[in-house]
Amino acid sequence: MSSLQEYTCPSCGGKVEFNTALQKMKCPYCDTVYEPEAFSEFDEALNSEEVKADEFNWDENSQNEFSEDEKNGIRSYICNTCSGEIVTDATTAATSCPYCGNPVVMKEHFAGLLKPDFVIPFKLDKKQAVEAYKKHIIGKKLLPSIFKDRNHIDEIKGIYVPFWLYDAAVSGSAQYKATTVRHWSDSNYNYTETRHYSVFRSGNMAFAKIPVDGSTKMADELMESIEPYDFSEAIDFSTAYLSGFFADKYDVSAEESIIRANERIKQSTVDALRSTVNGYSSVIPTGNNVNMTQGSCKYALYPVWLLNTTFNGEKFTFAMNGQTGKFVGDLPVDKGKFKKYFAASAAIGTVIGFIGTVIYNLILS
């Protein structure tokens, strides 16, 4: 079985966790506070440890053998505190013992080349995530009434999500067809003048720390929707910050993530060039070109609060940026309210149209 890392309080022997409010390590039993750097020797040991392959030996006569895919996808650990067995999937890098609740870190996921370069520590705790969820559902007119009363959070967990961070120097160019339209009148005629232009834009840009989600467990759209993170608060990685939270190791490589990084960089370049084309009545893009050089990549863990809830048999997932508090997530829609809302909107539109017709007729008369 693989080995675990736990952080023990030198004062009372309790298991130390990272405290989001203090931004330090704190023992929940004796309230002793420590700087995360005090546990740096554990990370130094990781750099010198050889990453060993897991071994799974099963009785060949077993009637319930794991398939090869299942063997490759599970990990088994023994809790250092209670000796209970902790079984996780292959990418889980920090969790808690299901028997005694002590936080544990899977050391081999952060040894050698697997060690992240940076981590942004959690600044917001579970209570703040719950409050953000409650605020999120307030004022939603199409939300079923019973959702607020009967719905409860099935699961909430703070998880460090693996991200690849890309730096790049970019040169881009774009072409557009544009027009300007001018109207005027004299005593005899109304005039319209339309002028056509070919517009060209080019420029050089530098991108820093473009994040791409490195975990297949997390939907890319959900992770991107809670951006941005303030990278100025990132620090050199230490496993001490993971204590008390969940964490995943990447299962999408940096090479595989380059495709999404290129998409994000290209779209940002095209948007930046388009933002400089102003003063026209219409603008139609006709082509663009983006060239990237000096590309580099770093590995980091970013804090995310995940909340899951179930309503009428359907699962809803919400995410909150554990640093900034940005909260996102889809909500169910009451079909009856939906129909009434748009029926009312259509009625208002009809009334406005009627008033406009009356005013027009009065002006003509």
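Use the structure listed above.
In this report, we go over the structure that sits alongside the text. (Residues numbered from 1 in each chain as written. Predicted model: local features only at pLDDT ≥ 70, side-chain atom pairs only at ≥ 80, totals over all residues. Heavy atoms only, no water.)

The number of helices and strands found in the protein chain is seven helices and 16 strands. For the protein chain, with 365 residues in total, the buried portion stands at 38%. Partitioning the contacts of the protein chain with sequence separation of at least 6, the portion at a separation of at least 24 is 71%. For the protein chain, the exposed area adds up to about 21000 Å²; of that, 52% sits on carbon and sulfur atoms. (Helix = DSSP H or I, 4+ residues; strand = E, 2+ residues; numbered from the N terminus. Buried < 20%, exposed > 50% of the residue type's maximum accessible area, 1.4 Å probe, protein only. Contact = heavy atoms within 4.5 Å. Areas by Shrake-Rupley, 256 points an atom, 1.4 Å probe, with all protein chains shown as cover.)

So, about the pairing of strand E15 (residues 314–321). With eight bridges joining them, strand E14 (residues 282–311) and E15 adopt antiparallel strand pairing. Each bridged residue has a counterpart across the sheet, and for phenylalanine 311 the counterpart in E15 is glutamate 314. Between E14 and E15, which follow one another and run antiparallel, lie two residues, and asparagine 312 among them has a positive phi close to 55°. The pairing of E15 with strand E16 (residues 327–329) spans three bridges and is antiparallel. Within E16, the residue paired with phenylalanine 318 across the bridge is glycine 329. In textbook terms, the turn of a hairpin is the stretch between consecutive antiparallel strands, and for E15 and E16 this stretch comprises five residues, one of which, glycine 325, has a positive phi near 90°. (Pairing = 2+ DSSP bridges.)

Note on placement: tyrosine 160 falls in strand E10 (residues 153–185). A C-alpha to C-alpha distance of 7.4 Å links tyrosine 160 and phenylalanine 245, two positions 85 residues apart in sequence.

All chains considered together, the criterion is met by 19 aromatic pairs. When the ring of tyrosine 133 is compared with that of phenylalanine 318, the centres are 5.2 Å apart and the planes differ by 70°; the resulting orientation is edge-to-face. Of this pair, tyrosine 133 sits in helix H3 (residues 126–136) while phenylalanine 318 sits in strand E15; the two residues are 185 residues apart in sequence, bridging distant segments of the chain. Pair check on accessibility: tyrosine 133 and phenylalanine 318 agree, each one buried. Pairwise contacts between aromatic rings join Phe122, Tyr160, Phe245 and Trp305 into one cluster. (Phe/Tyr/Trp six-rings, centres within 6.5 Å; stacked < 30°, edge-to-face > 60°.)

Attention shifts here to H3. When H3 is considered as a whole, its buried residues turn out to be Ala129, Ala132, Tyr133 and His136. Looking straight down H3, one finds its buried side chains confined to an arc of 100°; they lie on one side. Facing away from the buried side of H3, by more than 90 degrees, are the exposed residues Lys127 and Lys135. (Arc of directions from axis to C-beta.)

With that settled, the discussion passes to helix H6 (residues 254–274). An ideal rise of 1.5 Å per residue puts 30 Å on 21 residues; H6 measures up with 30 Å between its terminal C-alpha atoms. A bend of about 30° at arginine 260 is the largest found in H6. Buried residues of H6: Ala254, Ser257, Ala261, Arg264, Ile265, Thr269 and Leu273, and no others. Of the surrounding elements, those touching the buried residues of H6 are E10, strand E11 (190–213), helix H5 (220–225) and E14. (Expected span 1.5 Å × (residues − 1). Bend = angle between axes of the 7 residues up to and from the residue.)

It is worth spelling out the pattern of salt bridges at this point. Taken as a whole, this structure holds eleven salt bridges when the rule is applied. Across the salt bridge formed by glutamate 193 and arginine 182, the nearest N and O atoms sit 3.4 Å from each other. With a gap of eleven residues between them, glutamate 193 in strand E11 and arginine 182 in strand E10 connect regions that are remote in the sequence. Residue class for glutamate 193 comes out partly exposed when judged on its relative accessible area of 23%. Between glutamate 224 and arginine 260 there is a salt bridge; the shortest N-O distance is 2.7 Å. Of this pair, glutamate 224 sits in helix H5 while arginine 260 sits in helix H6, placing them 36 residues apart in sequence. Each of Arg182, Glu193 and Arg195 takes part in a single network of salt bridges with overlapping partners. (Salt bridge = Lys/Arg side-chain N within 4 Å of Asp/Glu carboxyl O.)

Any functional reading would require information beyond the geometric quantities listed.
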